[in-house]
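Each chain is listed here by its residues.
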Amino acid sequence: QVQLAESGGGLVQAGGSLRLSCAASGLTFSSSSMGWFRQAPGKEREFVAAISRGGGSTYYADSVKGRFTISRDNAKNTVSLQMNSLKPEDTAVYYCAASQRGWREVVAVRVDYWGQGTQVTVSS
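Residues numbered from 1 in each chain as written. Predicted model: local features only at pLDDT ≥ 70, side-chain atom pairs only at ≥ 80, totals over all residues. Heavy atoms only, no water.

Draft legend 1. Focus on the pattern of salt bridges. Enumeration over the complete set of coordinates arrives at 7 salt bridges. Note that aspartate 112 and arginine 101 form a salt bridge whose closest N and O atoms lie 3.2 Å from each other. With aspartate 112 in the loop between α1 (103-107) and β10 (113-114) and arginine 101 in the loop between β9 (92-99) and α1, this residue pair connects regions lying 11 residues apart in the sequence. Of the charged contacts, one joins arginine 110 and glutamate 105 as a salt bridge, the two residues approaching to 2.5 Å between their closest N and O atoms. Take glutamate 105: its relative accessible area is 21%, and that puts it in the partly exposed class. (Salt bridge = Lys/Arg side-chain N within 4 Å of Asp/Glu carboxyl O. Helix = DSSP H or I, 4+ residues; strand = E, 2+ residues; numbered from the N terminus. Buried < 20%, exposed > 50% of the residue type's maximum accessible area, 1.4 Å probe, protein only.)

Right, dumping it as structure tokens:
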């Protein structure tokens with residue numbers, strides 16, 4: 001059974017930082033492209049960042065480029081999202097996602113597995 005468990009969410013002031021982590025189990029992590037998505041109240045889930053199987057390729061939504069960094073540790077089966085210079089509009093539930101295909105499929109929201117999500121709230 002595949003499980004993606006997010007952690008690290010919380011309340012932070014605008015301009016602050018948070019680091020989200022996702023621990024994966026039940027899948028061959030090193031063969032999975034990984035990504036982060038978010039969903040704000042009343043809005044559709046949107047792509048945030050993706051990383052290739054080996055970590056050599058990353059891709060970001062324009063809204064977070066230069067502020068967020070996705071990384072992975074295949075030895076620990078974890079993927080992380082470092083979020084800096086947070087803005088109130090970054091407030092959302094953040095979801096970890098895995099695809100058995102390439103990272104471009106993650107960007108296209110062709111995802112095989114989802115985590116349960118972790119709340120990030122940025123106060124102004």
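The structure having been displayed, the exposition proceeds.
Draft legend 2. Spatial organisation of the state of the cysteines. Taken as a whole and assessed by the stated rule, the structure comprises 1 disulfide. Covalent S-S linkage joins cysteine 22 and cysteine 96, the inter-sulfur distance amounting to 2.2 Å. What sets the handedness of the cysteine 22 and cysteine 96 disulfide is the S-S torsion sign, and at about -80 degrees it is left-handed. Residue cysteine 22 is found in strand β3 (residues 18-25), and its partner cysteine 96 is found in strand β9; the two are separated by 74 residues along the sequence. Comparing cysteine 22 with cysteine 96 shows no difference in burial state: the two are buried. (Disulfide = S-S within 2.5 Å.)

Draft legend 3. Quick peek at the sheet that holds β3. With respect to topology, 4 strands assemble into an open sheet ordered β1-β3-β8-β7, the strand pairing being antiparallel. Both edges of this open sheet fall to β1 (3-7) and β7 (68-73), since each of them pairs with a single strand only. Within this sheet the neighbouring strands show an average axis-to-axis angle of 15 degrees, counted without direction. Examined bridge by bridge, β1 and β3 share 5 bridges and lie antiparallel to one another. Along β3, the bridge assignment pairs leucine 4 with alanine 24. (Pairing = 2+ DSSP bridges. Axes fitted to C-alpha atoms, helices over the stretch in contact; angles between N-to-C directions.)

Draft legend 4. Main features of the side chain of arginine 38. Relative to the helices and strands, arginine 38 is located in strand β4 (residues 33-39). Of note is the side chain of arginine 38, whose polar atom sits 3.4 Å from the side chain of serine 63. Apart from residues no more than four positions distant in its own chain, arginine 38 is found in contact with Glu44, Arg45, Glu46, Val48, Ser63, Val64, Phe68, Glu89, Asp90, Ala92, Val93 and Tyr94. (Polar contact = N/O pair within 3.5 Å; in protein donor to acceptor, adjacent residues only side chain to side chain. Contact = heavy atoms within 4.5 Å.)

Draft legend 5. How the structure looks around the pairing of strand β5 (residues 46-51). When you tally the buried positions in β5, you get 5 out of 6 residues, the bulk of the element. Pairing geometry for β4 and β5, over 5 bridges, is antiparallel. Residue methionine 34 lies in a different strand from β5, and its bridge partner there is isoleucine 51. Connecting β4 to the next strand, β5, in antiparallel fashion are 6 residues, including glycine 42 with a positive phi near 80 degrees. The turn joining β5 and strand β6 (residues 58-60), which pair antiparallel and follow one another in sequence, is formed by 6 residues; a positive phi near 90 degrees is taken by glycine 55.

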